[in-house]
Amino acid sequence: MNVMEYNILKWHRIEVFKNNWTHFGSISRYPKFFKDELGRVYLSGTITGGMPQEGEKERSQICHLPVGFRPLYATHFSVASSSRNEDGACAVPAILVIRPDGEVFAKNYDPGWMSLDGAIFFTTED
C-alpha cells in the first residue's frame, strides 16, 4: 500500500509481521497504528512469538510502517513483555525501536508477549 491508501484518523492493522511475530490472541487488541491531525502516530496491541533475526542475537524485526507513518528520527520506547511459563508470567522490560525507514524492531524482549501500547511519536517537527 502507498501513503494515499492510508487514511489518517483511522486505525490500520499491522498485516505483515516478520520473524515469527503475530497477534497475541483474542484477549488482546490486534496490533494497529493510527495518525492524528497533528502528525502523531500511535501504536497499540499485543504481539507474541518473535524470534531473533538471522545474524542478530538480541534483535527481532517486527514489521515496517508505511510512508507517512514513520518518525523523522529513530525513536525508542520501554514496553512490557513477558514469558508464557507454567509458573506464571515473568515480566521483562523490552525496548521497541522505530526507525525513519519504517522498520519496527524489539531488543531485550521476551517472546511470550510484548505490548505496543504507549508508543507515540511525531512524523514532523512542526
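Everything numeric here is computed off the predicted structure, so don't read it as measured data.

**Re the overall build of the protein chain**
Alright, step 1. Within the protein chain, the regular secondary structure consists of zero helices and 11 strands.
Alright, step 2. Mapped from its N terminus to its C terminus, the protein chain presents α and β elements in the order β-β-β-β-β-β-β-β-β-β-β.
Alright, step 3. Counting across all 126 residues of the protein chain, residues that qualify as buried make up 45%.
Alright, step 4. In the protein chain, the proportion of contacts linking residues at least 24 apart, taken out of those at least 6 apart, comes to 63%.
Alright, step 5. A total accessible area of about 7200 Å² is found for the protein chain, and carbon and sulfur atoms account for 52% of it.

**Some remarks on the nonpolar core**
Burial of nonpolar side chains together is a common tendency in soluble globular proteins.
Alright, step 1. By size, the foremost hydrophobic cluster in this structure holds 24 residues, and its most contacted members are Trp-21, Leu-43, Ile-62, Leu-96 and Met-114.
Alright, step 2. Elements with a minimum of two residues in this core: β4 (40-44), β6 (59-64), β7 (75-82), β8 (91-98) and β9 (103-107).
Alright, step 3. Counting residues per element, this core draws most heavily on β8, which supplies three residues.
Alright, step 4. Not counting chain neighbours up to four residues away, the residues in contact with Met-114 comprise Trp-21, Gly-45, Thr-46, Ile-47, Ile-62, Val-79, Ala-80, Ser-81, Ala-94, Leu-96, Ala-106 and Tyr-109.

**Remarks on the side chain of Thr-123**
Alright, step 1. Relative to the assigned elements, Thr-123 resides in the segment after β11 (120-122).
Alright, step 2. There is a polar contact of 2.9 Å between the side chain of Thr-123 and the backbone oxygen of Gly-39.
Alright, step 3. When residues no more than four places from it in sequence are discounted, the contact partners of Thr-123 are Lys-35, Gly-39, Val-41, Gly-68, Phe-69, Arg-70 and Leu-72.

**Things to note about the pattern of salt bridges**
Alright, step 1. By the definition in use, this model includes four salt bridges.
Alright, step 2. Among the ionic pairs, Asp-101 bridges to Arg-99, the shortest N-O distance being 3.4 Å.
Alright, step 3. With relative accessibility at 33%, the residue Asp-101 sits in the partly exposed group.
Alright, step 4. We note a salt bridge from Glu-103 to Arg-99, for which the minimum N-O separation is 3.2 Å.
Alright, step 5. Taken together, the shared-partner salt bridges connect Arg-59, Arg-99, Asp-101 and Glu-103 into one network.

**Considering the sheet that holds strand β3 (residues 32-35)**
Alright, step 1. What the four strands build is an open sheet, ordered β1-β3-β4-β11; its pairing is antiparallel. Of all the strands in the sheet, the pair left with one neighbour each is β1 (12-13) and β11.
Alright, step 2. Bridge count for β4 against β11 is three bridges, and the pairing is antiparallel. Within β11, the residue paired with Arg-40 across the bridge is Phe-122.

**Concerning the environment of Phe-77**
Alright, step 1. When you line up the elements, Phe-77 lands in strand β7.
Alright, step 2. Taking the relative accessible area as the measure of exposure, Phe-77 reaches 15% and is therefore buried.
Alright, step 3. Phe-77 sits 41 residues away from Gly-118 along the chain, and the two C-alpha atoms are 8.3 Å apart.
Alright, step 4. Among residues more than four places away in sequence, those in contact with Phe-77 are Ala-94, Ile-95, Leu-96, Ile-98, Gly-118, Ala-119, Ile-120 and Phe-121.

The rules behind the values
- Residues numbered from 1 in each chain as written.
- Predicted model: local features only at pLDDT ≥ 70, side-chain atom pairs only at ≥ 80, totals over all residues.
- Heavy atoms only, no water.
- Helix = DSSP H or I, 4+ residues; strand = E, 2+ residues; numbered from the N terminus.
- Buried < 20%, exposed > 50% of the residue type's maximum accessible area, 1.4 Å probe, protein only.
- Contact = heavy atoms within 4.5 Å.
- Areas by Shrake-Rupley, 256 points an atom, 1.4 Å probe, with all protein chains shown as cover.
- Core = buried A, V, L, I, M, F, W, Y, C linked by side-chain atoms within 4.5 Å.
- Polar contact = N/O pair within 3.5 Å; in protein donor to acceptor, adjacent residues only side chain to side chain.
- Salt bridge = Lys/Arg side-chain N within 4 Å of Asp/Glu carboxyl O.
- Pairing = 2+ DSSP bridges.

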